[in-house]
Amino acid sequence: MSWSEITLRTPGRMWASLGRHALAWGRGIYLAAVMLVLVASPSSYGHGARTLMARQIYVQTAPVLAGFTALAALLCAVIARIVIVTAQSYGLSRYALDLVVRVMVIELIPLTAALFVAMRCTIPAGVQVVQMRASGQLAAWKARGIDPIRAALVPRAAAGVFAAITLAALSCAVALVTVYLSVYGFSLAGFGIYTRVFGQVFTPSLTLVFVLKTWFFSLTVAIMPMASALYMPLARRRQGGEELGGFARMFAVLLLIEVISLMGNYY
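Residues numbered from 1 in each chain as written. Predicted model: local features only at pLDDT ≥ 70, side-chain atom pairs only at ≥ 80, totals over all residues. Heavy atoms only, no water.

Let's talk about the overall build of the protein
Here is the rule we go by: Think of it this way: any DSSP run of H or I at least four residues long counts as a helix, any run of E at least two long counts as a strand, and we number them from the N terminus. Any residue under 20% of the maximum accessible area for its type is buried, any over 50% is exposed, and the rest in between are partly exposed; the area is computed with a 1.4 Å probe on protein chains only. Residue contacts follow a heavy-atom distance rule, with two residues in contact if any of their heavy atoms lie within 4.5 Å.
Helices and strands together make up the secondary structure of the protein, namely 9 helices and 0 strands. Ordered by position from N to C terminus, the α and β elements of the protein give α-α-α-α-α-α-α-α-α. Out of the 267 residues belonging to the protein, those deemed buried represent 39%. Sequence separation of at least 24 residues holds for 83% of the intrachain contacts in the protein that already meet a minimum separation of 6.

The following block contains the structure:
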């Protein structure tokens, strides 16, 4: 292939790639809107739907609780020790506790919980949806008048949101206990100072940003793998690489949410 042929084909490939990315983003936004409407609809909570959703919540949350709790405790202990020792070496020990609480609880824990849920729960759930598509199960449901989104995607997405919020809340509690033990040990002498620092850090505006960030993180890791699983062309999945594109889009949204939260907290 000559250089002129490559030059002529390159703009077409770029436009095709941009079109695929725009279509993927549009489908993800559309599916997110549809699933939020279905989650808010009382008709989505019939007896069979409640049973399926409860099963998905248990399957996606219970098996990872112990492992993530241990991981969060280890991560908090290591980072708290590093920050405290570094602050003391620069004569800033009075700011060490405030910095640890901000870094661990507000910034790292929600993002870590969201990524953990994505890797262990929602991405494997998306693979299950792809397998259901490949086997023709979703098409068979649609032919029988059963909405595949309501039957297959909504329970898994709701379970992903529940798992992300649960792990974030649990790991925040674990982080607070671990940080206290790292600073004061098994003594109640610093309890008053610790609670005062905690109250000074978690102002109403910062708490609101923290809650919204955790909520949008959970929605992102729950819905975007489902969108990739539902709309991914099966032929392209066999070739490989499409899953990485879905993961890259999910990570880009998480990064955007984190940047917006940082602007809300510190600007």
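Let's talk about the packing of aromatic side chains
Rules: Note on aromatic contacts: the rings of Phe and Tyr and the six-membered ring of Trp form a pair at centre separations within 6.5 Å, being stacked when their planes are under 30 degrees apart, edge-to-face when over 60 apart, and tilted otherwise.
The final tally for this structure, using the stated rule, is 5 aromatic pairs. With a centroid separation of 4.8 Å and an interplanar angle of 50 degrees, the aromatic rings of F68 and F116 are classed as tilted. Here F68, found in helix 2 (residues 47–89), pairs with F116, found in helix 3 (residues 96–135); they are 48 residues apart in sequence, far enough to count as distant. Both residues of the pair, F68 and F116, belong to the buried class. Every member of this aromatic cluster is reached through a ring pair, and the members are Y180, Y184 and Y194.

Let's talk about a nonpolar patch on the surface
Threshold: A patch consists of residues whose relative accessible area exceeds 30% and which take part in no salt bridge; residues with like charges are grouped when within 9 Å of each other, and nonpolar side chains (Val, Leu, Ile, Met, Phe, Trp, Tyr) when within 5 Å. For every accessible area listed, the method is Shrake-Rupley and the probe measures 1.4 Å; residues are considered covered only by the protein chains on display. What counts as a salt bridge is simple: a side-chain nitrogen of Lys or Arg found within 4 Å of a carboxyl oxygen of Asp or Glu.
Together, M119, F247, F251, L255, V259, L262, M263, Y266 and Y267 make up an exposed nonpolar region whose accessible area comes to about 940 Å². The biggest single contributor to the nonpolar patch is helix 9 (residues 242–266), with 7 residues. As for its placement among the helices and strands, F251 is situated in helix 9. Taking relative accessible area as the criterion, F251 reaches 42% and is therefore assigned partly exposed.

Observations regarding helix 6 (residues 191–201)
Applied cut-off: Taking the helix axis as origin, the arc is that swept by the directions to the C-beta atoms.
Along helix 6, the residues classified as buried are Y194, V197 and V201. Summarising the axial view, the buried residues of helix 6 lie within an arc of 65 degrees, below the 170-degree limit, and thus occupy one face. Those residues of helix 6 that are buried are in contact with helix 3, helix 5 (148–184) and helix 7 (204–231).

Quick word on the nonpolar core
Filter applied, for reference: We define the nonpolar core as a collection of buried residues of types Ala, Val, Leu, Ile, Met, Phe, Trp, Tyr and Cys that are connected through side-chain atoms lying within 4.5 Å of one another.
Residues L31, M35, L138, I149, L153 and M226 are the most contacted members of the largest nonpolar core, which totals 26 residues. Elements that contribute at least two residues to this core include exactly helix 1 (3–40), helix 3, helix 4 (137–143), helix 5 and helix 7. Leave out the neighbours within four places in its chain, and M35 touches I149, L153, V154, A157 and I223. Judged by nonpolar contacts, the second largest core, of 24 residues, contains I79, A96, L97 and V105.

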